[in-house]
Amino acid sequence: MSAPDISVVICVYTEDRWEDILAAVSSVRAQSRPARETLLVVDHNQTLLERLSGEYKEVEEVRVLANAGPRGLSAGRNTGIAASHGEVIAFLDDDAVAERDWLRHFAEGYADPRVMAVGGRTMPIWASGRRPAWFPEEFDWVVGCTYKGLPPGRARVRNVLGGNASFRRTAFAAAGGFATGIGRDGDKRPLGCEETELCIRLSGARPDAILLMDDRAVIHHRVPAPREHFAYFRTRTYAEGLSKALVARSVGSDKGLESERRYTTRVLPAGVARGLRDALLARPGGAGRAGAIVAGVLTAAGGYVLGSVRARRGGATFSVVRIPDGEGDIA
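Reading guide: rules and limits
Residues numbered from 1 in each chain as written. Predicted model: local features only at pLDDT ≥ 70, side-chain atom pairs only at ≥ 80, totals over all residues. Heavy atoms only, no water. Axes fitted to C-alpha atoms, helices over the stretch in contact; angles between N-to-C directions. Helix = DSSP H or I, 4+ residues; strand = E, 2+ residues; numbered from the N terminus. Parallel < 35°, antiparallel > 145°, perpendicular 65-115°, else oblique. Left-handed = near helix turned anticlockwise from the far one by under 90°. Contact = heavy atoms within 4.5 Å. Nonpolar A, V, L, I, M, F, W, Y, C, P; charged D, E, K, R; others polar. Core = buried A, V, L, I, M, F, W, Y, C linked by side-chain atoms within 4.5 Å. Buried < 20%, exposed > 50% of the residue type's maximum accessible area, 1.4 Å probe, protein only.

Engineer: Summarise the packing of helix α1 (residues 18-29) against helix α2 (residues 46-55); cite the residues concerned and give the values.
Structural biologist: Between α1 and α2, the shortest axis-to-axis distance is 13 Å and the interhelical angle comes to 40°. When the axes of α1 and α2 are compared, the pair comes out oblique. Handedness of the crossing formed by α1 with α2: right-handed. Here W18, I21 and L22 of α1 come into contact with α2, specifically with L48, R51, L52 and E55. Partitioned by chemical class, the residues of the contact of α1 with α2 number five nonpolar, no polar and two charged.

Quick look at the structure:
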C-alpha cells in the first residue's frame, strides 16, 4: 500500500509569532518525506494575512488563506481541512518546529487502513533554557507538550494531541470537523480539548477506528516565559477543567473522562510520591512538584465543576461543522 499524500495545516493568529511561523513552515519544507502542501490559515488578522501572502507568493507548495469560520483554532483547522488536497491532514502548532522525519513516521502509521489518526511527541523548548524545578512532567500538557504518563513507542490511544497530530480525510467525513466553542480563541482563556472531543466522536462514528501515538514523530514546541510561572499553570489547569466539562457534555462523562480517571488515580499519585521522595533527598524542586500536582488537580476539578454547572444551565455552547465534500473546496 503506497504512503498517503499529506497536507500540513498551520493555524496562525498574531504577528508576534512571525519568526516562529517562518520556522514552522521551514521545518515542514525540510521534511525527509515531503508534504503535498502547507496551508497557513490566518485567524481574522488581515495584516498578518497580507504579510504572509507576500512572504510566500512565489512558494508554490505553501498556501495562505483566511479562516472562513468564526474566530478560534477549531474553525481555523476546519478551514484548512476543507481547503487541503491530501489523503491525510497533519497539524503543526505555529510556535513549533518538526524534526526531519516527522511526516515519514506519520505516513508509516497509515499502512493499516483502520488507522484514522496518528499523533506524535511534543518536546518543550523553555524560554529560560531549562525546565522550572517546580514544574512536574506529568503536567507538560499545560504548555502544549507530551506529558509523563502517555504510553511509549507506537501505541493505541483514546485521543491524539492537537498541536502534533494527523488524521485521514475520511475521519472528518465520518465524524465532522473540530467543534467550535471548545478550543482556543486567540489570546483569550487557554481552553483546549477540541481534539479530544473529535477523537471520541470519531471512535463513536467508526468503532473500528484505530488512533495511534508514535513518539518518533517529534516536534519541538516553544514555551514563552510567562508560561513558566505558576500563575499560568493555575489558569491553564482551571481552563482544562472547563473544557473537559464541555467534552463530557458532548460525548458523555464515561468516554469523556475515561483516560483522565487513570491519569488522576495512577499517574499523578506516583508523581506526588516522586516529588516527596526527592524532597526528602534534598533534590531541587521535589516539594514544589508534589505541590503543583495537587494544586493542578484541585484547580482542574474546580473548573470542571463550574463548567458542568454552566453546561447544564445552557451557558456554554459549541457546534460541530460538517467538512465540505471533496478536496480543496475553499480557495
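Engineer: So, the nonpolar core: which residues are in play, and what are the values?
Structural biologist: Of all hydrophobic cores here, the largest spans 35 residues; its most connected members are V8, I10, L40, L52, L92 and W102. Broken down by element, the residue count for this core peaks at six residues, all from α1. Excluding anything up to four places from it in sequence, L92 contacts V8, V9, I10, C11, A24, S27, V28, W102, G163 and I219. L65, A82, V160 and F167 belong to the second-largest nonpolar core, a separate cluster that totals 28 residues.

Engineer: Can you explain the environment of V218? Please cite residues and give values.
Structural biologist: Mapped onto the elements, V218 comes out in strand β10 (residues 210-223). As a C-alpha pair, V218 and M123 span 95 residues in sequence and 7.3 Å in three-dimensional space. Each residue touching V218, except ones within four places of it in the same chain, is listed here: A98, E99, W102, R121 and M123.

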